[in-house]
Amino acid sequence: MLTLFFAPLVLTNIGVVATPWLLFVLYITSGIGMAGIGMGIMHDAIHGSYSKNKKVNTYLGYTMNLIGANATVWKIQHNVLHHTYTNIEGADDDINAPFFLRFSPHAKKYRLHRFQHLYVWFFYGLSTVSWVTAKDFIRLGRYRKMGFLNKKNEFRNELLKIIGWKLLYYSYALIIPLLMVPIAPWIVILAFLSMHFVTGLLISIVFQVAHIMPNMEFPLPDNNGEVEGDWFAHQLATTTNFAPKSRFFSWLIGGLNYQIEHHLLPNICHIHYKKISDIVADTAKEYGMPYNTKRTFATAIRDHIGVLRKLGKIQHIPTR
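Residues numbered from 1 in each chain as written. Predicted model: local features only at pLDDT ≥ 70, side-chain atom pairs only at ≥ 80, totals over all residues. Heavy atoms only, no water.

A.B. asks: Explain helix α7 (residues 154-180) to me, please; I cannot follow it from the model alone.
C.D. replies: Given 3.6 residues to a turn, an α-helix orients residues that are three or four positions apart in the same direction. Taking 1.5 Å per residue, 27 residues should reach 39 Å; α7 reaches 38 Å between its end C-alpha atoms and fits that length. Taking the largest bend as the criterion, α7 deviates by roughly 50°, centred on Ser171. Turning to α7, its buried residues number three or more, namely Phe155, Glu158, Ile162, Lys166, Tyr169, Tyr170, Tyr172, Ala173, Leu174 and Pro177. Where the residues of α7 are buried, they touch α1 (2-13), α2 (20-47), α4 (63-66), α5 (71-84), α6 (116-145) and α8 (185-208). (Helix = DSSP H or I, 4+ residues; strand = E, 2+ residues; numbered from the N terminus. Expected span 1.5 Å × (residues − 1). Bend = angle between axes of the 7 residues up to and from the residue. Buried < 20%, exposed > 50% of the residue type's maximum accessible area, 1.4 Å probe, protein only. Contact = heavy atoms within 4.5 Å.)

A.B. asks: It is not clear to me how helix α13 (residues 297-311) should be interpreted in this structure. Could you clarify?
C.D. replies: Taking 1.5 Å per residue, 15 residues should reach 21 Å; α13 reaches 21 Å between its end C-alpha atoms and fits that length. Every buried residue of α13 is accounted for by Thr299, Ala300, Asp303, His304, Val307, Leu308 and Leu311. As for α13, its buried residues are in contact with α6, α8, β1 (240-242) and β2 (292-294).

A.B. asks: Would you explain the packing of aromatic side chains in this entry?
C.D. replies: In this description, a pair of aromatic rings is defined by centroid distance and the angle of the planes. Applying the stated rule across the entire model yields 26 aromatic pairs. For the ring pair Phe103 and Tyr124, a centre distance of 6.4 Å and an interplane angle of 35° mean the geometry is tilted. Here the residue Phe103 occupies a position in the loop between α5 and α6, and Tyr124 occupies one in helix α6, the gap between them amounting to 21 residues. Considered together, Phe103 and Tyr124 belong to a single accessibility category, that of buried residues. Chaining the aromatic ring pairs together yields one cluster made of Phe5, Phe6, Tyr27, Tyr169, Tyr170, Tyr172 and Phe192. Between the NZ or CZ atom of Lys135 and the centre of the ring of Trp131, over which it lies, the distance is 5.6 Å. (Phe/Tyr/Trp six-rings, centres within 6.5 Å; stacked < 30°, edge-to-face > 60°. Lys NZ or Arg CZ within 6 Å of the ring centre and 35° of its normal.)

A.B. asks: Before we go on, may I ask you to explain a positive patch on the surface in this structure?
C.D. replies: There is a patch of like positive charges on the surface, built from Lys245, Arg247, Lys274, Lys275 and Arg295. Along the polypeptide, Arg247 turns up in helix α10 (residues 247-252). (Patch = residues over 30% accessible without salt bridge, like charges linked within 9 Å, V, L, I, M, F, W, Y side chains within 5 Å. Areas by Shrake-Rupley, 256 points an atom, 1.4 Å probe, with all protein chains shown as cover. Salt bridge = Lys/Arg side-chain N within 4 Å of Asp/Glu carboxyl O. Lys, Arg positive; Asp, Glu negative; His and termini not counted. Charge placed at Lys NZ, Arg CZ, Asp CG, Glu CD.)

A.B. asks: Would you explain the nonpolar core in this entry?
C.D. replies: Note that soluble globular proteins tend to have their nonpolar side chains buried in a common cluster. Within the largest apolar cluster, 57 residues are counted, with the highest numbers of intra-cluster contacts made by Phe5, Leu23, Met64, Tyr169 and Phe242. Breaking this core down by element, the ones donating at least two residues are α1, α2, α5, α6, α7, α8 and α13. The element that contributes the greatest number of residues to this core is α2, accounting for 10 residues. For Leu23, the residues in contact, after removing those within four places along its chain, are Thr12, Val17, Val181, Ile183, Ile187, Val188 and Ala191. (Core = buried A, V, L, I, M, F, W, Y, C linked by side-chain atoms within 4.5 Å.)

A.B. asks: Hey, could you run me through the packing of α2 against α5 in this one?
C.D. replies: In a pair of packed helices, the angle between the axes and the distance between the axes together describe the arrangement. Contact pair α2 / α5: the axes reach a minimum separation of 10 Å and the direction vectors enclose 70°. The angle between the axes of α2 and α5 places the two elements in the roughly perpendicular class. Contacts from Met42, His43, Ile46 and His47 in α2 reach Ala71, Trp74, Lys75, His78, Asn79 and His83 in α5. (Axes fitted to C-alpha atoms, helices over the stretch in contact; angles between N-to-C directions. Parallel < 35°, antiparallel > 145°, perpendicular 65-115°, else oblique.)

A.B. asks: Would you mind going over a nonpolar patch on the surface with me for this structure?
C.D. replies: On the surface, Leu4, Ile28, Ile32 and Leu202 cluster together into a nonpolar patch covering about 280 Å² of accessible area. Following the sequence through the fold, Leu4 ends up in helix α1. Given the relative accessible area of 33%, Leu4 is considered partly exposed.

A.B. asks: Even after reading the chapter, I still don't get the environment of Leu140, so can you show me in this structure?
C.D. replies: Note that Leu140 resides in helix α6. Measuring from C-alpha to C-alpha, the distance between Leu140 and Ala173 comes to 23 Å, with 33 residues separating the pair along the chain. Leu140 has contacts with Val73, Leu149, Phe155, Glu158, Leu159 and Ile162, leaving out every residue within four places of it along the chain.

A.B. asks: Can you walk me through the environment of Gly90 in this structure?
C.D. replies: If you trace the backbone, Gly90 turns up in the loop between α5 and α6. Taking the C-alpha atoms as reference points, Gly90 and His196, 106 residues apart in sequence, are found 27 Å from one another.

Shown next as structure tokens:
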């Protein structure tokens, strides 16, 4: 995946690209590699499950920074908020969306949401462009207000790191190609955006179809800020697997088709999910708990579209 991402950019940076169609092919190939790094390398590494060696996990977690994002911000957003408060409105940052998208029945409903199942794909494609430009800075400031990054100089140091890594990323992903490729700058920028569109679309679909699906619960805390039930039951009630029989697909997306196993046991490397999935399914059945799974990825996408349509129609449910 690292080669798939970097090799096309190296060819672009040394100026061997002379035609727009080849430029787009190389950037889009890099986009697939970028998605692979996000799903198959940094995801496990930042969870601490890529290797038993903490330093290996730390260094491979920096691949998140190499593709323009930030490992520290992701760890708070994903490991802490998403995994702890899955599908809880206002707490899970994966369903905290801008006003034109509605991922929870408890979010405010607008008239334009009735069309979100049609236009959501465009915004999925733009998600990593937003990520490598503004989102990390916005979330860094918000997480600081939430009580994270409160050690001495921790916020300032992380802000400087974000700036430094992004300057490095934009240098080899866009600035040098603009200088080296003998093609109109607007075409180079468009090819760069196409890379991110492919990455954003792939990553967003894989992550979102795991939780915004039929039969998924969107629990709310009570007046004391507590959610009924235990954490393990909560994960089973808010998570779906898909395409469990496709080994190639599972390899391609870093085992994220086994989202139930990942959410229950995030400290285990994804290469083991298939083997433990039968144990998890049998245990869930034994205790009368749900074990949601979709036979294919296409079926999961179809059902995801259905939920988005439903969320675009049902009225707002006030948060308690």
